[in-house]
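Spelled out, the chains give:
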Amino acid sequence: MSEYMKLLKKEIDALTAKMSEKLVQQEVEFDELVNLWLELQHYYLDTAADSFKKLVEEHYPAELEQVEILDRIEANSVVIEVIDKNTRQLFRRILPLDYLETDNGIVLYGETVDGQPTQIAFLSDLALSKINDVQGKGLDKPRCKDH
């Protein structure tokens, strides 16, 4: 790891410690503290993503021109964060699941305990309405006007 990265990580450690101290000063119940921390974490991730996007737009515009319109998101792993219901501890895991997201929803591809391929789909509202239409459970009137 470069010295520059070590310095940046040290700055992040100091910022995190400062934020934690300010949260403790709020004198809230533990569950509320966890909720505040999660809200802060989401804000930080959104802000960091926006900052990176601006950096790329400003310093790497040629690379942006090569990017096509985003109509699907794909990844070879996913990050899962959970809060244990008993200890209220936050756990973050990187899982080797293939991820595919389109306007129809999200599909996770993985393996069963036996090593057999499996998948789980989370359908979007748009996909569910299409399925309902195909099954005759959609609108009782046409979607477009007759000519």
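Residues numbered from 1 in each chain as written. Predicted model: local features only at pLDDT ≥ 70, side-chain atom pairs only at ≥ 80, totals over all residues. Heavy atoms only, no water.

Caption draft 1: Inspection of the packing of helix α1 (residues 3–24) against helix α2 (residues 30–59) at higher detail. Packing of α1 against α2 leaves a shortest axis separation of 11 Å and a crossing angle of 145°. α2 is crossed by α1, and the crossing has right-handed handedness. Side by side, α1 and α2 meet where Ile12, Thr16, Met19, Ser20 and Leu23 of the first sit next to Leu33, Leu36, Trp37, Leu40 and Tyr44 of the second. Its residues assigned to classes, the contact of α1 with α2 comprises eight nonpolar, two polar and no charged. (Axes fitted to C-alpha atoms, helices over the stretch in contact; angles between N-to-C directions. Helix = DSSP H or I, 4+ residues; strand = E, 2+ residues; numbered from the N terminus. Left-handed = near helix turned anticlockwise from the far one by under 90°. Contact = heavy atoms within 4.5 Å. Nonpolar A, V, L, I, M, F, W, Y, C, P; charged D, E, K, R; others polar.)

Caption draft 2: Fine view of the pattern of salt bridges. Enumeration according to the criterion identifies three salt bridges in this entry. Here Lys6 makes a salt bridge to Glu3, at a shortest N to O gap of 3.5 Å. Remark: Glu3 and Lys6 occur in helix α1; sequence separation between them is three residues, near one turn of the helix. For Lys6, a relative accessible area of 43% translates into the label partly exposed. Owing to a relative accessible area of 60%, Glu3 belongs among the exposed residues under this scheme. Measuring nitrogen to oxygen at the nearest pair gives 3.1 Å for the salt bridge that ties Arg72 to Glu74. (Salt bridge = Lys/Arg side-chain N within 4 Å of Asp/Glu carboxyl O. Buried < 20%, exposed > 50% of the residue type's maximum accessible area, 1.4 Å probe, protein only.)

Caption draft 3: Just the pairing of strand β3 (residues 90–95), in detail. Where strand β2 (residues 78–83) lies against β3, six bridges are found, and the strand directions are antiparallel. Looking at β3, one finds that Glu81 is bridged to Arg92. Following β2, the chain reverses through six residues before pairing antiparallel with β3; Arg88 in that reversal takes a positive phi of roughly 65°. (Pairing = 2+ DSSP bridges.)

Caption draft 4: Local environment of α2. Along its 30 residues, α2 runs 43 Å from first to last C-alpha, staying within 8% of the 44 Å computed at 1.5 Å per residue. Within the span of α2, buried status applies to Val34, Leu38, Gln41 and Val56. (Expected span 1.5 Å × (residues − 1).)

Caption draft 5: Here's a closer look at the sheet that holds strand β5 (residues 105–111). Read across the open sheet, the four strands follow the order β1-β4-β5-β6; overall the sheet is antiparallel. The two strands at the open ends of the sheet, each matched to only one other strand, are β1 (73–75) and β6 (117–123). Here the average twist between neighbouring strands, direction ignored, is 10°. Here strand β4 (residues 98–102) runs beside β5; their pairing, made up of five bridges, is antiparallel. Across the sheet, Asp98 pairs through a bridge with Tyr109, a residue of β5.

Caption draft 6: Spatial organisation of a nonpolar patch on the surface. A cluster of nonpolar side chains, contributed by Met1, Tyr4, Met5 and Leu7, occupies part of the molecular surface with about 470 Å² of accessible area. Structurally, Met1 is set in the segment before α1. Taking the relative accessible area as the measure of exposure, Met1 reaches 63% and is therefore exposed. (Patch = residues over 30% accessible without salt bridge, like charges linked within 9 Å, V, L, I, M, F, W, Y side chains within 5 Å. Areas by Shrake-Rupley, 256 points an atom, 1.4 Å probe, with all protein chains shown as cover.)

Caption draft 7: Representation of unusual backbone geometry within the structure. Notably, Glu27 is not glycine yet its phi reads approximately 50°, a positive angle. Its location among the elements puts Glu27 in the loop between α1 and α2. Glu27 gets classed as exposed once you look at its relative accessible area, which sits at 72%.

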